[in-house]
Amino acid sequence: MPLPTSPSPDTAFRVSPEAATRLQDIIAAQPGIDAASTALRVSVLAGGCNGFQYSFALDGEARPDDIVVPAGSARVRVDPASMDLLSGAELHFNDSLMGAHFTVRNPNATSSCGCGTSFSID
């Protein structure tokens, strides 16, 4: 079976060094999982207060059409439909007084909600 292709550099979904480090730490801390096959799945779903919302979940099952984005020694998996909405965006990890969480810096979003997990595109 051919390896999934990554997006071209000019439209790529990137992972910041902070997000890669945190993802590697999270996977290493999970008891009983196969770190070699586990990745963070990033999806864009319909819903939220602005029309679309981001979803983040550890996933041990690769799908044939997944686009794999390297994140240090870890990986991020994105389905093609979500990648269309994440083109040019970056997964980042914020660790502040307001809390620690993954966030997406998405230049395609024309508005977002206060929590940062919901966005819209015109």
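It should be noted that the structure appears before, not after, this text.
These numbers come from a predicted model, not from an experiment. (Residues numbered from 1 in each chain as written. Predicted model: local features only at pLDDT ≥ 70, side-chain atom pairs only at ≥ 80, totals over all residues. Heavy atoms only, no water.)

Right, let's talk about the side chain of Asn106 for a bit. Mapping Asn106 onto the fold places it in the loop between β7 (99-105) and β8 (111-112). Within polar-contact distance, the side chain of Asn106 engages the side chain of Tyr54 at 3.2 Å. (Helix = DSSP H or I, 4+ residues; strand = E, 2+ residues; numbered from the N terminus. Polar contact = N/O pair within 3.5 Å; in protein donor to acceptor, adjacent residues only side chain to side chain.)

Core analysis: the biggest nonpolar cluster contains 24 residues, and Phe13, Val76 and Leu91 have the highest contact counts within it. Top contributing element to this core by residue count: helix α1 (residues 17-29), with 5 residues. Contact partners of Leu91, with chain neighbours within four places excluded, come to Phe13, Arg14, Val15, Ser16, Ala19, Leu40, Val42, Phe56, Val76, Phe102, Thr103 and Val104. (Core = buried A, V, L, I, M, F, W, Y, C linked by side-chain atoms within 4.5 Å. Buried < 20%, exposed > 50% of the residue type's maximum accessible area, 1.4 Å probe, protein only. Contact = heavy atoms within 4.5 Å.)

As for its position among the elements, Ala19 is in helix α1. As for Ala19 and His92, which are separated by 73 residues in sequence, their C-alpha atoms are 4.9 Å apart. In contact with Ala19, not counting residues within four places along its chain, are Leu91, His92, Phe93 and Phe102.

So, about the pattern of salt bridges. All told, the structure shown has 3 salt bridges when counted by the stated rule. Residues Asp59 and Arg41 are paired through a salt bridge, measuring 2.6 Å at the closest nitrogen-oxygen approach. Here Arg41 lies in strand β2 (residues 39-46) and Asp59 lies in strand β3 (residues 52-59), a separation of 18 residues in the sequence. Each of the two residues, Asp59 as well as Arg41, counts as buried. Between Asp66 and Arg41 there is a salt bridge, with the nearest N and O atoms lying 2.8 Å from each other. One end of the pair, Asp66, is in the loop between β3 and β4 (67-71); the other, Arg41, is in strand β2, and 25 residues separate them in sequence. For Arg41, a relative accessible area of 6% puts it in the buried group. Via salt bridges that share partners, Arg41, Asp59 and Asp66 belong to a single interconnected network. (Salt bridge = Lys/Arg side-chain N within 4 Å of Asp/Glu carboxyl O.)

On to the sheet that holds β7, then. Strand order across the open sheet formed by 3 strands is β1-β6-β7, with mixed pairing between neighbours. Each edge of the open sheet is held by one strand with a lone partner, namely β1 (14-15) and β7. Judged from the 2 bridges that link them, β1 and strand β6 (residues 90-96) form a sheet pairing that is parallel. Bridge pairing links Val15 to Leu91 in β6. Across the sheet, α1 lies against β1, β6 and β7, angled at about 75 degrees from β6, the strand it touches most. (Pairing = 2+ DSSP bridges. Axes fitted to C-alpha atoms, helices over the stretch in contact; angles between N-to-C directions.)

Here the focus is the packing of aromatic side chains. Scanning all chains against the criterion turns up 3 aromatic pairs. Measuring from ring centre to ring centre gives 6.2 Å for Phe56 and Phe102, while their planes differ by 35 degrees; the resulting arrangement is tilted. In this pair, Phe56 sits in strand β3 while Phe102 sits in strand β7, placing the two residues 46 residues apart along the sequence. The exposure class assigned to Phe102 is buried, which follows from its relative accessible area of 15%. Here the aromatic rings of Phe93 and Phe102 are separated by 5.1 Å at their centres, their planes lie at 65 degrees, and the arrangement is edge-to-face. Among the aromatic residues, those joined into a cluster by ring pairs are Tyr54, Phe56, Phe93 and Phe102. (Phe/Tyr/Trp six-rings, centres within 6.5 Å; stacked < 30°, edge-to-face > 60°.)

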